[in-house]
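If you want the building blocks of each chain, they are given just below.
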Amino acid sequence: MRSKVTGAQRWVVKIGSALLTADGKGLDRAAMGVWVEQMVALHEAGVELVLVSSGAVAAGMSRLGWAKRPSAMNELQAAASIGQMGLVQAWESSFAEHGRHTAQILLTHDDLSDRKRYLNARSTLRTLVELGVVPVINENDTVVTDEIRFGDNDTLAALVANLVEADLLVILTDRDGMFDADPRNNPDAQLIYEARADDPSLDAVAGGTGGALGRGGMQTKLRAARLAARSGAHTIIVGGRLERVLDRLKAGERLGTLLSPERGMLAARKQWLAGHLQTRGTLVLDDGAVKALRQANKSLLPVGVKTVQGSFRRGEMVVCVGPDGLEVARGLANYSALEAQKIIGQSSEAIEGLLGYIAEPELVHRDNLILV
Ligand SMILES: Nc1ncnc2c1ncn2[C@@H]1O[C@H](COP(=O)(O)OP(=O)(O)O)[C@@H](O)[C@H]1O
Ligand SMILES: N[C@@H](CCC(=O)OP(=O)(O)O)C(=O)O
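Please read all numbers here as calculations on a predicted model, not as lab measurements. (Residues numbered from 1 in each chain as written. Chains lettered and ligands numbered in written order. Predicted model: local features only at pLDDT ≥ 70, side-chain atom pairs only at ≥ 80, totals over all residues. Heavy atoms only, no water.)

(A) Geometry of the pairing of strand 7 (residues 234–239). Most of strand 7 is tucked away: six of the six residues are buried. Burial of the side chains of strand 7 extends over both faces: His234, Ile236 and Val238 are buried on one face and Thr235, Ile237 and Gly239 on the other. Here strand 5 (residues 168–173) runs beside strand 7; their pairing, made up of six bridges, is parallel. Across the sheet, Leu172 pairs through a bridge with Val238, a residue of strand 7. (Buried < 20%, exposed > 50% of the residue type's maximum accessible area, 1.4 Å probe, protein only. Helix = DSSP H or I, 4+ residues; strand = E, 2+ residues; numbered from the N terminus. Pairing = 2+ DSSP bridges.)

Have a look at this one:
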């Protein structure tokens, strides 16, 4: 019996492209109908639900008669906008058969890295959930550029789990769960039933990328579990084609791979920071600064920085590495890269003389910093 699953009150369910489109043959409405029945049953049992649905590109490709996923961004975006229509129609009509409404939410990485938009998305989602409506979320594929895309919906689903403070993230995929080797080329691979999300040995087994339709593969599912763990959520990676899979999970059956959060939850602001997956530059710290961050929970002062790499503006995310090049923390810079170049190695009192003004005495304030 998996009590963390049976007792979970708020679920984010993510369904991948390969599953939704029956391996590329258009939307699998029959399968969608069966998942909807189960989601409605969960709802009736008092579970709050948010659905993250992939499949726009794959559904669009099938509507257009394209056999191969295009690599050009404009073609992908066109396919996504065509497919998204079919996707939301199919979910809405399927839930409507049970007297439930759905709501479409399309998000980009920018929406979640801007604090105001993040809070807005959170309050809209919470309102929808309170209204008993099922939000159906996908990436806003038509407007994203490479720099601001999540790219795979595993990551998006994890950030949504953080956003709504879900107890459980269920990632439905085309395999029964995470295996100890990629089952595509290892027929003897064994299913991993339980693990801690932060277990480093999982990185090696989740090596491969996604199939022809999806993008993520197991690597992004593992990363999603780690992100979801930051807000205390458990993640299950499980076969979406297993019979009555959601019903059986709710009943406590040991299906799929359960990945547990290891540490305590990060505070809400730190969770938001952890969701910033795009970084713009690197600060190389000296040993003293590494110690101050790691052991004393201090802010990063310019004096402890040896070099500045990349091009970032004030407020953008930078990676802080130690003299050995290993990441120590990441955080939002109070100064641009050009300004930082001028003030590193100097005491904070010297900032005004060097720049002609002072924004903050710290290069990265500890409230805007997360240790890695
Ligand atoms: N260790 C592993 N265990 C299970 N599947 C793996 C593993 N490593 C790689 N994979 C591959 O990941 C694929 C699922 O990812 P993906 O195609 O992105 O699906 P989805 O569209 O559901 O996100 C599986 O079909 C499988 O071949
Ligand atoms: N936003 C994209 C999903 C990206 C993707 O392929 O995700 P997934 O199948 O979950 O790995 C779409 O709807 O096609």
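(B) Representation of the pattern of salt bridges. Summed over the entire model, instances satisfying the criterion amount to 19 salt bridges. A salt bridge links Glu194 to Arg254, with the nearest nitrogen and oxygen atoms 3.2 Å apart. A residue pair is termed long-range when its members are at least 10 positions apart, and Glu194 in strand 6 (residues 194–196) and Arg254 in the loop between helix 11 (245–250) and strand 8 (257–260) qualify at 60 residues. Taking relative accessible area as the criterion, Arg254 reaches 48% and is therefore assigned partly exposed. Taken together, the salt bridges that share partners define one network made up of Arg2, Glu194 and Arg254. (Salt bridge = Lys/Arg side-chain N within 4 Å of Asp/Glu carboxyl O.)

(C) The packing of helix 8 (residues 153–163) against helix 10 (residues 217–229), seen in detail. Where helix 8 contacts helix 10, the axes come no closer than 8 Å and their chain directions differ by 10°. In terms of orientation, helix 8 lies roughly parallel with respect to helix 10. Taking contact as the criterion, the partners of Asp154, Thr155, Ala158, Leu159, Ala161 and Asn162 in helix 8 are, on helix 10, Gly217, Thr220, Lys221, Arg223, Ala224, Leu227 and Ala228. In the contact of helix 8 with helix 10, the residues fall into six nonpolar, four polar and three charged. (Axes fitted to C-alpha atoms, helices over the stretch in contact; angles between N-to-C directions. Parallel < 35°, antiparallel > 145°, perpendicular 65-115°, else oblique. Contact = heavy atoms within 4.5 Å. Nonpolar A, V, L, I, M, F, W, Y, C, P; charged D, E, K, R; others polar.)

(D) Expanded view of the confidence of the model for the protein chain. Here the protein chain averages 91 in pLDDT, while 96% of its residues score no lower than 70. Per the prediction output, this complex has pTM 0.82; the corresponding ipTM is 0.94. (pLDDT = per-residue confidence, 0-100.)

(E) Here's a closer look at the packing of aromatic side chains. In the structure shown here, the tally under the stated rule is two aromatic pairs. When the ring of Trp91 is compared with that of Phe95, the centres are 6.4 Å apart and the planes differ by 40°; the resulting orientation is tilted. Taken together, the positions of Trp91 and Phe95, both in helix 5 (residues 73–96) and four residues apart, correspond to about one turn of that helix. There is no split in this pair, since Trp91 and Phe95 are both buried. Taking the ring centre of Trp272 as reference, the NZ or CZ of Arg115 above it sits at 5.0 Å. Over the ring of Tyr193 we find Arg254; its NZ or CZ atom is 4.4 Å from the centre of that ring. (Phe/Tyr/Trp six-rings, centres within 6.5 Å; stacked < 30°, edge-to-face > 60°. Lys NZ or Arg CZ within 6 Å of the ring centre and 35° of its normal.)

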